[in-house]
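So the chains spell out like this:
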Amino acid sequence: MSETLDAVFQRRAIRVFETIEISPALRERILDAARAAPSSFNMQPYRLYWVESRTMRAAAARLCMGQMPAETASALVVAVADIGSWRPTAQGQLAWMRQSGFSAEKVAEFERKTKLAKWFFTQGWFGSLGVLKWVIFRLLHVWKTIGMPPISRQGLFKWAVKNTSLACENLMIAAEALGLNTCPMEGFDGRRLARLLGLSPKYHEIVMVIAIGRKSARHQDQPRWRRPLEATVRIL
Ligand SMILES: Cc1cc2nc3c(=O)[nH]c(=O)nc-3n(C[C@H](O)[C@H](O)[C@H](O)COP(=O)(O)O)c2cc1C
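Residues numbered from 1 in each chain as written. Predicted model: local features only at pLDDT ≥ 70, side-chain atom pairs only at ≥ 80, totals over all residues.

Student: I keep staring at the overall build of the chain and nothing clicks. Help me out?
Tutor: The helix and strand tally for the chain stands at 10 helices and 5 strands. Dimensions of the chain along its principal axes, counting C-alpha atoms only, are 60 × 45 × 40 Å. Taking all 236 residues of the chain together, the buried fraction comes to 25%. Expressed as a percentage of contacts within the chain between residues at least 6 apart in sequence, the contacts between residues at least 24 apart total 78%. (Helix = DSSP H or I, 4+ residues; strand = E, 2+ residues; numbered from the N terminus. Buried ≥ 20, exposed ≤ 12 C-beta atoms within 10 Å, placed from the backbone. Contact = placed C-beta atoms within 7 Å.)

Student: What should I look at first to understand the site of the ligand in this one?
Tutor: Neighbouring residues of the ligand: Arg 12, Ala 13, Arg 15, Gln 67, Pro 69, Cys 183, Pro 184, Met 185, Glu 186, Gly 187, Met 208 and Arg 224. Considering each element in turn, the shell around the ligand owes the most residues, 3 residues, to strand β4 (residues 181-185). (Near = placed C-beta within 6 Å.)

Student: Please clarify how the nonpolar core should be interpreted in this entry.
Tutor: One broad rule of soluble globular proteins: the nonpolar side chains tend to lie buried together. Grouped together as the largest cluster of nonpolar side chains are 42 residues, with contacts concentrated most on Leu 76, Val 78 and Leu 171. Elements supplying a minimum of two residues to this core: α2 (24-35), β2 (46-51), α3 (54-63), β3 (75-82), α8 (153-177) and β5 (204-215). (Core = buried A, V, L, I, M, F, W, Y, C linked by C-beta atoms within 7 Å.)

Student: Explain the pairing of β3 here, please?
Tutor: Across a regular strand the side chains alternate sides, sitting on one face of the sheet and then on the other. The element β3 is largely enclosed, with a buried count of 8 among its 8 residues. With 6 bridges connecting them, β2 and β3 associate as antiparallel partners. When the bridges of β3 are listed, Trp 50 appears paired with Val 77. Pairing analysis gives 8 bridges linking β3 to β5, with the strands arranged antiparallel. (Pairing = 2+ DSSP bridges.)

Student: Could you clarify how one ought to interpret the pairing of β5 in this entry?
Tutor: In terms of strand pairing, strand β1 (residues 17-18) meets β5 through 2 bridges, oriented antiparallel. Each residue of the ladder has a partner; that of Phe 17, found in β5, is Lys 215. Sheet topology note: the β4/β5 ladder contains 5 bridges and is antiparallel. Bridging from a neighbouring strand, Cys 183 pairs with Ala 211 of β5.

Student: Would you mind showing me how to read the packing of α2 against α8 here?
Tutor: The description of two packed helices rests on the angle between their axes and on the distance between the axes. Put simply, α2 and α8 touch, their axes get as near as 7 Å, and they point 145° apart. When you trace α2 past α8, the crossing you get is right-handed. Counting all contacts with α2, which are made through Ile 30, Ala 33, Ala 34 and Arg 35, the residues of α8 involved are Ala 167, Asn 170, Leu 171, Ala 174 and Ala 175. For the contact of α2 with α8, the residue count by class is 7 nonpolar, 1 polar and 1 charged. (Axes fitted to C-alpha atoms, helices over the stretch in contact; angles between N-to-C directions. Left-handed = near helix turned anticlockwise from the far one by under 90°. Nonpolar A, V, L, I, M, F, W, Y, C, P; charged D, E, K, R; others polar.)

Student: Just to check I follow, could you spell out the environment of Ile 20 for this structure?
Tutor: Among the secondary structure elements, Ile 20 is positioned in the loop between β1 and α2. For Ile 20, a count of 11 C-beta atoms within 10 Å puts it in the exposed group. For Ile 20 and Ala 73, which are 53 residues apart along the polypeptide, the C-alpha to C-alpha distance reads 8.5 Å. Setting aside residues no more than four positions away along its own chain, Ile 20 makes contact with Ser 74, Gly 213 and Arg 214.

Student: I would appreciate a short explanation of the packing of helix α5 (residues 86-99) against helix α6 (residues 104-121) in the present structure.
Tutor: Put simply, α5 and α6 touch, their axes get as near as 10 Å, and they point 180° apart. In terms of axis orientation, α5 runs roughly antiparallel to α6. Across the interface between the two elements, Trp 86, Ala 90, Gln 93, Leu 94, Met 97 and Arg 98 of α5 pack against Lys 106, Val 107, Phe 110, Glu 111, Thr 114, Ala 117 and Phe 121 of α6. Considered class by class, the residues forming the contact of α5 with α6 number 8 nonpolar, 2 polar and 3 charged. (Parallel < 35°, antiparallel > 145°, perpendicular 65-115°, else oblique.)

Student: Explain the environment of Gly 187 here, please?
Tutor: Mapped onto the elements of the fold, Gly 187 is located in the loop between β4 and α9 (190-197). Between the C-alpha atom of Gly 187 and that of Ser 165, which follows or precedes it by 22 residues, the distance is 16 Å. Leave out the neighbours within four places in its chain, and Gly 187 touches Cys 64, Met 65 and Gln 67.

Student: Sorry, what's going on with the environment of Ala 60 here?
Tutor: Here Ala 60 lies in helix α3. On the neighbour-count criterion, Ala 60 (25 C-beta atoms within 10 Å) is buried. The sequence separation of Ala 60 and Val 78 amounts to 18 residues, and the corresponding C-alpha distance is 9.1 Å. The contact partners of Ala 60, leaving out residues within four places of it in the chain, are Val 51, Leu 76, Val 78, Leu 193 and Leu 196.

Next up, the structure:
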């Protein structure tokens, strides 16, 4: 456990990498760690694009405004919030439950939840259904204690971005623990990068790009500053 904490505290945003090759085994380990992150309803509403080929990496780095971490990284991981993957994800989990011998009752319960999910995810013509659902929940909320589920398109993206960010942090900590370094970046041209990756604006939003590689001797860590604990935390 203390090794996990070491990785958490050692991780820094690295601005210059030395060129090394990341083996497929190491790549898989890091990506596996990313998707081990918790997600709401276990829906894992994100995709991770590991960009390592020379031409794609150069094109992606250019769209990260030519930032030094992007230009020098061994790979760029584009983390994409994805609100269009819920159906195959739910079907995949359902198939896995059936194969793994879950009781008929558990399978039926999951099927019920999947039907409910459809209601949340469907946005209707120009998002009109999303707006209607939002109004219904606001009215219900007047006299009932309820959580506000992510029902509008904007709400769904907010929900997916939350989940994507957790996977990103897992990825960075795993990379650190495995002897690599990272730099999260939001300085990129989202529209052009989305086009490069063939993303759909209807379902996808790039959350961040993570440069990954080994820290160069040219990189100089600046002292780390964080707000005092009491400015960030309130103990009640
Ligand atoms: C969402 C996000 C976006 C960031 N965007 C950039 C970026 O575009 N370029 C960059 O050099 N660093 C970027 N950073 C890194 C931060 O500047 C860095 O994490 C912060 O200064 C704290 O330093 P540390 O990570 O070394 O502790 C980003 C970090 C996050 C979490």
